[in-house]
Amino acid sequence: MTTVLITGANRGIGLALARRYAADGGEVIGCCRDPEKADALKELAASSGGRVRIVQLDVANEASIASLKRSLSDQPIDILINNAGINGTPKAQSANCIDPEGWMTTMRVNALSPILIAQALRDNLRRSSEKKLVAITSDFGSTGTDWGPTTNASERYSYRASKAALNNGMRALSRDWAADGVLVGILNPGFVRTDMGGERAAASSAGISAEDSARGLARRIAELTPANSGTFQNYRGETIPW
Ligand SMILES: NC(=O)c1ccc[n+]([C@@H]2O[C@H](COP(=O)([O-])OP(=O)(O)OC[C@H]3O[C@@H](n4cnc5c(N)ncnc54)[C@H](OP(=O)(O)O)[C@@H]3O)[C@@H](O)[C@H]2O)c1
């Protein structure tokens, strides 16, 4: 049975991924900051016949990451999905206004935490059959994309920087852990109708559901090979410029 660990599994894309892998017969370790309030994830766990387990994890807290590692011990993890992320605090950080503390929080949650979690669970990945490390990133991290003035990208300096840093770190792990057989997916989920995608995704014809995004992401994860490990793709399998 495939064991999948997902961060930020209580809502949005993380919850849709947890439902997807549970429906496919996988064993899911759904991590979330506040299990008490994770009603949808608790419902999924209750109806899963013991295949969905909830573990508390604040990705921004190193003690919480260490506690996750202790609770897993040597359990093999086939697919580790670093999904938890934030829009930026405050969301709007532009050429005219940067909030230094908020910038660092965004970098910690979106860029540093996935690497710390990957390092903490490296042996769990190595012990598994699939050995897949996945980051849910964003095309806003693409330095090669000219977003132009019509998107809100010009107000998203910290979010964009954090996802570019995440991509860079994951790309490096794909090289440095290749000898262990670890495959790395750097995946943009699309423009998704979640709390983060918000009203813009709901109002836009380009917006997709979390379920459609999760279906595409799971397909891309299934297709990971040494040849495409460390590439930057969207949920449809199209390559995104760095
Ligand atoms: N939606 C889109 O259009 C879109 C586009 C591109 C990329 N993405 C990426 O997709 C991923 C998921 O986004 P989403 O749309 O599903 O967002 P969302 O609905 O806002 O959910 C974000 C998830 O991350 C969790 N999280 C945030 N900070 C955390 C922390 N310190 N510790 C543990 N969990 C934490 C949240 O938990 P709480 O409930 O505890 O806050 C929540 O489960 C993110 O990495 C995001 O950058 C989304």
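Just above, that's the structure.
Conventions we followed
By convention here, each chain's residues receive numbers from 1 onward along its written sequence. Residues qualify for local features only when their pLDDT is at least 70, as the model is predicted, and side-chain atom pairs are given and counted only at 80 or more; totals for whole chains, interfaces and linings, by contrast, use all residues. As a rule here, side-chain values cover all heavy atoms of the structure and leave hydrogens and water aside. Each helix is a run of DSSP H or I of at least 4 residues and each strand a run of E of at least 2, with the numbering of both proceeding from the N terminus. Every helix has an expected span of 1.5 Å times one less than the residues it contains. The cut-offs for exposure are 20% and 50% of the maximum accessible area for each residue type, with area from a 1.4 Å probe on protein chains only; residues under the lower value are buried, those over the upper are exposed, and the others partly exposed. The contact rule is simple, with two residues in contact once any of their heavy atoms fall within 4.5 Å. Given a residue, its bend is the angle between the two axes fitted to the seven residues that end at it and to the seven that start from it. Axis definition: a line fitted to C-alpha atoms, limited for helices to the stretch in contact. Angles are taken between N-to-C directions and run from 0 to 180 degrees. Angular relationships are summarised with four words: roughly parallel below 35 degrees, roughly antiparallel beyond 145, roughly perpendicular across 65 to 115, and oblique for the angles in between. Gly counts as polar in this scheme, as do all residues outside two lists: the nonpolar Ala, Val, Leu, Ile, Met, Phe, Trp, Tyr, Cys and Pro, and the charged Asp, Glu, Lys and Arg. Only strands joined by at least two bridges in the DSSP assignment are considered to pair.

### Here's the deal with helix 8 (residues 210-222)
Structurally, the α-helix is built with 3.6 residues per turn, so residues lying three or four positions apart point the same way.
Line of reasoning, step 1. Helix length check: helix 8, at 13 residues, gives a terminal C-alpha distance of 18 Å against a target of 18 Å (1.5 Å per residue), a fit within 8%.
Line of reasoning, step 2. When helix 8 is considered as a whole, its buried residues turn out to be A210, S213, A214, G216, L217, A218, R220 and I221.
Line of reasoning, step 3. Against the buried residues of helix 8 lie helix 1 (12-23), strand 4 (79-82), strand 5 (132-136), strand 6 (183-188) and strand 7 (232-234).

### Description of helix 4 (residues 100-120)
Line of reasoning, step 1. Compared with an ideal rise of 1.5 Å per residue, which puts 21 residues at 30 Å, helix 4 spans 28 Å between its outermost C-alpha atoms and is within 8% of the ideal.
Line of reasoning, step 2. At L112, helix 4 shows its largest kink, close to 45°, and the proline P114 lies no more than four residues downstream.

### A look at the packing of helix 1 against helix 2 (residues 39-46)
Line of reasoning, step 1. Packing of helix 1 against helix 2 brings their axes to within 11 Å, and their N-to-C directions diverge by 5°. With respect to their mutual orientation, helix 1 and helix 2 come out roughly parallel. When helix 1 is examined against helix 2, the residues L15, A18, R19 and A22 are found in contact with a partner set consisting of A40, L41 and L44.
Line of reasoning, step 2. Broken down by class, the residue content of the contact of helix 1 with helix 2 amounts to six nonpolar, no polar and one charged.

### Some thoughts on the pairing of strand 4
Line of reasoning, step 1. Residues I79 and I81 point to one face of strand 4 and L80 and N82 to the other, with burial holding for every one of them.
Line of reasoning, step 2. Note: strand 1 (residues 3-6) against strand 4, three bridges, orientation parallel. Each bridged residue has a counterpart across the sheet, and for L5 the counterpart in strand 4 is L80.
Line of reasoning, step 3. The sheet contact formed by strand 4 and strand 5 spans four bridges and is parallel. Among the inter-strand pairings, L80 is bridged to a residue of strand 5, identified as L133.

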